[in-house]
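Each chain is listed here by its residues.
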Amino acid sequence: FETCGKDCSHQVCRMELAGQELPYVLVDSIGERFGVYEDHLGFLKKRFHLITMKEYLENKTFLSKKISAIYVWYHRPVINEELVQSLPNLKIVASAGVGIDHLDLKLLSSYGVKVSNTPFVVSTDTADMGMALLLASARRLVEGHEMAVSPDTEYFPADWLGVEVSGATLGILGMGTIGYKVAERAKAFEMKILYHNRNQRKKEEESAVGAVYCKKIDYLLQQSDFVLLAVTLTPQTHKLIGKRELELMKPTATLINISRGLVVDQDALVEALQNKVIKAAALDVTYPEPLPRDHPLLKLKNVIITPHIGSATKKTRWVMVEEMTESIEAGLAGLPIPREVLELKDM
């Protein structure tokens, strides 16, 4: 490894110049289903000594005192009290993405372990995904594709219709960074925008996208043609959308979920879709992921499901790695941690 030069301020370069050992960082695996991407490996190995869970379990005695950080990718490795107790020098857990419902913040805090995530870098791509699902559902793109390529199709029926997006009302539950970016995109489609959030946005922010604040969720559900979920999963938002909420929605409405699967009562959603309580659903998230192959949601024509790919672009994933690396290095150096998670917020 070559350092940037004698005046370089990067921590990793200073360590190399001083002959210090690179920090030991625990990862789930390399490659494989939940592992560090092969493309990211070179970047990370220049900065950290990566230890997989398999390597750790095979050599706990030596490695337990060496590991000072955990790199959480795809919610792996799973962090529980047994693991935290076994790592006496653990300083920081860096988690990819915005959601942290897979981490026990109180547990980690009780052991003096800091937590960081990457909330802002994912917002643009996730907002794009929300609009993509809205448009795909409204214009029945998946069904249309299947019809167009089917060997059984002899003609395109003239009465095969979708619904208009322009001029429709979009209700956004959770007007954080992602929700607001969805509103910016929806404005370009000339949609009317309602939103519910823990805190009302500033007047100038509302005016910029033409958004109207709804203090109560019920009014938003009753008035919206599309309801988009962009909330953090907390005990307060768990099954936020259930049978009662679905029955408040218009029978012509579509539910879009880009937050977490557990924000919706899936059994109630299946029933609502089967009985035409609402028109359709477009989901980038479910619970579990993937759904069992015999799950009724997979059999419904009025449902679009994608494999939790809201932030899945090459550029965003690279920036996530860079931000996680920055947070780990700051945490180990005793510096303020960029994007430190201090509490779990709901709407």
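The structure displayed is predicted, hence computed values, not measured ones.

**Some words on the UniProt feature "domain: D-isomer specific 2-hydroxyacid dehydrogenase NAD-binding" (unreviewed entry) in the chain**
- Cross-referencing UniProt, the feature "domain: D-isomer specific 2-hydroxyacid dehydrogenase NAD-binding" (unreviewed entry) maps to residues 131-310 in the present numbering.
- Taken end to end, residues 131-310 has its terminal C-alpha atoms 11 Å apart, with 32% of it in helix and 16% in strand.

**Side note on the packing of aromatic side chains**
- Taken as a whole, this structure holds five aromatic pairs when the rule is applied.
- Their ring planes at 85° and their centres at 5.2 Å tell us that Tyr37 and Trp73 sit as a pair that is edge-to-face. One end of the pair, Tyr37, is in the loop between strand 1 (24-27) and helix 2 (38-45); the other, Trp73, is in the loop between strand 3 (67-72) and helix 5 (81-85), with 36 residues separating them in the sequence.
- Note on Trp73 and Tyr74: the rings are 6.3 Å apart at their centroids and 80° apart in plane angle, and the pair reads as edge-to-face.
- What makes Trp73 buried here is its relative accessible area of 3%.
- Here Tyr74 falls in the partly exposed class, since its relative accessible area comes to 39%.
- Site record: aromatic cluster; members linked through ring pairs are Tyr37, Tyr71, Trp73 and Tyr74.
- Above the face of the Phe43 ring, Arg47 is positioned so that its terminal group lies 4.0 Å from the ring centre.
- Above the ring of Phe34, the side-chain terminus of Arg76 is found at 3.9 Å from the ring centroid.

**Thoughts on the pattern of salt bridges**
- Tallied over the entire structure, the rule returns 15 salt bridges.
- Here Glu21 and Lys66 are joined by a salt bridge, their closest N and O atoms 3.0 Å apart. Taken together, the residues span a long stretch of sequence, with Glu21 in the loop between helix 1 (11-18) and strand 1 and Lys66 in the loop between helix 4 (60-63) and strand 3 at a distance of 45 residues.
- Judged by relative accessible area, which is 47%, Glu21 ranks as partly exposed.
- Between Arg244 and Asp218 there is a salt bridge, and its shortest N-O distance comes to 2.4 Å. Here Asp218 lies in helix 11 (residues 217-223) and Arg244 lies in helix 12 (residues 243-248), a separation of 26 residues in the sequence.
- It is possible to trace a salt-bridge network through shared partners that takes in Asp218, Arg244 and Glu245.

Calculation notes
Residues numbered from 1 in each chain as written. Predicted model: local features only at pLDDT ≥ 70, side-chain atom pairs only at ≥ 80, totals over all residues. Heavy atoms only, no water. UniProt positions renumbered as here; feature names shortened; annotations may be inferred. Helix = DSSP H or I, 4+ residues; strand = E, 2+ residues; numbered from the N terminus. Phe/Tyr/Trp six-rings, centres within 6.5 Å; stacked < 30°, edge-to-face > 60°. Buried < 20%, exposed > 50% of the residue type's maximum accessible area, 1.4 Å probe, protein only. Lys NZ or Arg CZ within 6 Å of the ring centre and 35° of its normal. Salt bridge = Lys/Arg side-chain N within 4 Å of Asp/Glu carboxyl O.

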